[in-house]
Amino acid sequence: MEFAINTFIRWFNADEVRPAKDGNFLCLTKAGNFLDLNYCVEAHAFNASFVGDDKAITVRWWAEIPEMPVKNDEE
């Protein structure tokens, strides 16, 4: 029985590169919080749904959300 599984997370500097597609990403905000935020390619912003959305959050680092392991007794 495994009690721990290692997962590699590749972080990207949000000032240098942004996601190429819309979706949810794991983010480290400027305030130091880790959040699951959506990204809008059209708005070039995290936590925004359209251009000019005032809910955008400034992000330092972002990563694709890793796929979590599934236990044998789960579907």
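Each value, and the rule that gives it
- Every chain is numbered independently, its residues counted from 1 as its sequence is written.
- The predicted origin of the model limits local features to residues at a pLDDT of at least 70 and limits the giving and counting of side-chain atom pairs to 80 or more, whereas totals for whole chains, interfaces and linings rest on all residues.
- Note: side-chain values were computed over all heavy atoms of the structure, leaving out hydrogens and water.
- Think of it this way: any DSSP run of H or I at least four residues long counts as a helix, any run of E at least two long counts as a strand, and we number them from the N terminus.
- Radius of gyration here uses only the C-alpha atoms, and the compact-globule reference equals 2.2 Å multiplied by the residue count raised to the power 0.38.
- The contact rule is simple, with two residues in contact once any of their heavy atoms fall within 4.5 Å.
- Method for areas: the Shrake-Rupley scheme with a 1.4 Å probe, in which residue coverage is limited to the protein chains shown.
- Any two strands are treated as partners once DSSP identifies two or more bridges connecting them.

**Q** Teacher, can you tell me more about the overall build of the protein here?
**A** Of regular secondary structure, the protein possesses zero helices and five strands. The helix and strand sequence of the protein, counted from the amino end, reads β-β-β-β-β. Taken over C-alpha atoms, the radius of gyration comes to 15 Å for the protein, far larger than the 11 Å a tight globule of 75 residues would show. With the C-alpha coordinates of the protein rotated into their principal frame, the extents come out at 50 × 25 × 20 Å. A sequence separation of at least 24 residues applies to 43% of the contacts in the protein between residues at least 6 apart. Counting only carbon and sulfur atoms, one obtains 50% of the accessible surface of the protein, whose full area is about 6000 Å².

**Q** Sorry if this is basic, but what is going on with the sheet that holds strand β2 (residues 23–29) here?
**A** Across the sheet, five strands lie side by side as β1-β5-β2-β3-β4; this open sheet has antiparallel pairing. Looking at the sheet topology across the chains shown, the edges are occupied by β1 (12–13) and β4 (45–46). Pairing between β2 and strand β5 (residues 59–64): five bridges, direction antiparallel. Note on β5: the bridge partner recorded for F25 is E64.

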